[in-house]
Amino acid sequence: MSISMFMMYVSFAGMFLLILSMGLIVWSRSKLRGWVQVVVSLLAYLCLISGGFIILYVVFSGPTR
């Protein structure tokens, strides 16, 4: 597998984490209460931060050959 294809799959993983975090945040704020809401919110924010770092890495790593 070339480095370009690998970076494409890494960026897909980052986008998936960002979409997952969006859904988890909406779900936890609208449907959940108590400690379950806190746990799901923490998971959502962890996905948001890790997805953001992945996308930043892909964007600033520059072009590949």
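Fair warning: this is a prediction, and the values are worked out from it, not measured in the lab.

Can you explain the overall build of the protein chain? Please cite residues and give values.
Per the secondary structure count, the protein chain includes two helices and zero strands. When the backbone C-alpha atoms are referred to their principal axes, the protein chain occupies close to 50 × 15 × 15 Å. Evaluated residue by residue, the protein chain yields a buried proportion of 25% over its 65 residues. Put simply, 66% of the contacts in the protein chain that link residues at least 6 apart link residues at least 24 apart. Taken as a whole, the protein chain presents about 4,900 Å² of accessible surface, with 78% of it coming from carbon and sulfur.

Can you explain the environment of Phe12? Please cite residues and give values.
Inspection of the secondary structure puts Phe12 in helix H1 (residues 3-30). A relative accessible area of 42% means that Phe12 is categorised as partly exposed. It is 10 Å that separates the C-alpha atoms of Phe12 and Val58, two residues lying 46 residues apart in sequence.

Which residues make up a nonpolar patch on the surface, and what values go with them?
Side chains of Met1, Ile3, Met5, Phe6, Tyr9, Phe12 and Met15 sit close together on the surface and give an oily, nonpolar patch of about 750 Å² of accessible area. When you line up the elements, Met1 lands in the segment before H1. Using a relative accessible area of 78% as the deciding quantity, one classes Met1 as exposed.

Just give me the short version of helix H2 (residues 35-60), but keep the residues and values in it.
With 26 residues, H2 extends 37 Å between its outermost C-alpha atoms, agreeing within 8% with the 38 Å of an ideal straight helix rising 1.5 Å per residue. If you follow the buried residues of H2, they end up packed against H1. In the stretch just after H2, Gly62 is the one whose phi turns positive, near 90 degrees.

Rules behind the numbers
Residues numbered from 1 in each chain as written. Predicted model: local features only at pLDDT ≥ 70, side-chain atom pairs only at ≥ 80, totals over all residues. Heavy atoms only, no water. Helix = DSSP H or I, 4+ residues; strand = E, 2+ residues; numbered from the N terminus. Buried < 20%, exposed > 50% of the residue type's maximum accessible area, 1.4 Å probe, protein only. Contact = heavy atoms within 4.5 Å. Areas by Shrake-Rupley, 256 points an atom, 1.4 Å probe, with all protein chains shown as cover. Patch = residues over 30% accessible without salt bridge, like charges linked within 9 Å, V, L, I, M, F, W, Y side chains within 5 Å. Salt bridge = Lys/Arg side-chain N within 4 Å of Asp/Glu carboxyl O. Expected span 1.5 Å × (residues − 1).

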